[in-house]
Amino acid sequence: MNKPVPVIAIDGPSASGKGTVAQRVATKLGFHYLDSGALYRIVALASQQAGIVWTDAEAVAQCAKNLRIRFDEEQVWLNDADVTNDIRSEAMGKGASQVAVHPAVRKVLTSLQQNMRRAPGLVADGRDMGTIIFPDAVLKIFLTASTEVRAQRRYQQLLAKQQTADYQAILQDLLERDARDKNRASAPLVMAEDGILLETDHLSIVEAVNQVLENY
Ligand code: C5P
């Protein structure tokens, strides 16, 4: 039998830096990269554009089913529109965590994510990559940092993009999203039993990338 395409799952809370780390690991290994959070963000955006409230599980799931999503290098496309920047807003982060609580929505996105598993390999970042979507991942990293450090990183990112930023509001927002992601019934944010914890409060991005690669 053919060996399955290897997957490296990198899960963790918002603003932990897992996106950057996952992307760099993928580049180093020449693997594909899946930003699963972008999918939930796209669903939030498309629902909003269609006038659907994020709490309406059935309508959001139906909307998700009909989307044409395309990842193209650094860009994300939704039905021929470049939504790369639109989905990165704090509002869409919040929306994503609201549509993500619905099992029907998660179900629609499951095969889409699994279909991105292509040779020579995939680095997938999200909340349930190692626990639900790719339970046979060869490496499962749970990448995290304290809430204060994550809020500080998000704050600095926004300032660097010349956007207005309010540290207390960001901290509050992260706490809310963490609580929603950890406490939901469907695919809650939790470290896989066979996962490796990577705490990044005192690690640079390069150090975190190296630690992931050392474990591979
Ligand atoms: O990773 P990112 O911050 O872009 O994810 C946005 C939201 O999407 C998360 O707060 C989470 O609620 C949801 N999400 C999820 N499962 C994933 C990826 C993201 O529920 N695999």
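Refer to the structure presented above.
The rules we used
Residues numbered from 1 in each chain as written. Predicted model: local features only at pLDDT ≥ 70, side-chain atom pairs only at ≥ 80, totals over all residues. Heavy atoms only, no water. Helix = DSSP H or I, 4+ residues; strand = E, 2+ residues; numbered from the N terminus. Rg over C-alpha atoms; globule rule 2.2 N^0.38 Å. Buried < 20%, exposed > 50% of the residue type's maximum accessible area, 1.4 Å probe, protein only. Areas by Shrake-Rupley, 256 points an atom, 1.4 Å probe, with all protein chains shown as cover. Lys, Arg positive; Asp, Glu negative; His and termini not counted. Charge placed at Lys NZ, Arg CZ, Asp CG, Glu CD. Near = heavy atom within 4 Å. Polar contact = N/O pair within 3.5 Å; in protein donor to acceptor, adjacent residues only side chain to side chain. Phe/Tyr/Trp six-rings, centres within 6.5 Å; stacked < 30°, edge-to-face > 60°.

So, the overall build of the protein
Part 1: A tally of helices and strands in the protein yields nine helices and eight strands.
Part 2: The C-alpha atoms of the protein give 17 Å as radius of gyration, which agrees with the globular expectation for 216 residues (17 Å, within 12%).
Part 3: A burial count over the protein gives 46% of its 216 residues as buried.
Part 4: Carbon and sulfur atoms make up 51% of the accessible area of the protein, which totals about 11,000 Å².
Part 5: Of the charged side chains in the protein, 24 are positive and 26 negative; the average position of the first set lies 3 Å away from that of the second.

A few points about the site of the ligand
Part 1: Around the ligand, 17 residues are found, and the nearest of them are Arg 41, Arg 106, Asp 128, Arg 177 and Asp 181.
Part 2: Between Arg 41 and the ligand, the recorded distance is 2.6 Å, taken from a side-chain N or O atom to an oxygen atom.
Part 3: At a separation of 2.9 Å, an oxygen atom of the ligand approaches a polar side-chain atom of Arg 184.
Part 4: Here the ligand loses 97% of its free accessible area of 450 Å² to cover by the protein chains.
Part 5: For the shell around the ligand, the element with the highest residue contribution is helix H2 (residues 36-49), accounting for four residues.

So, the packing of aromatic side chains
Pairs of aromatic rings are described using the distance from one ring centre to the other and the angle between the two planes.
Part 1: Within this structure, the stated rule accounts for two aromatic pairs.
Part 2: Pairing Phe 31 with Tyr 216 gives two aromatic rings, centres 6.1 Å apart and planes at 85°, and the pair type is edge-to-face. With a gap of 185 residues between them, Phe 31 in the loop between helix H1 (18-29) and strand S2 (32-35) and Tyr 216 in the segment after helix H9 (205-215) connect regions that are remote in the sequence.
Part 3: Looking at Tyr 216, the relative accessible area reads 42%, which means it is partly exposed.

Everything listed is a geometric property; what it means functionally is a separate question.
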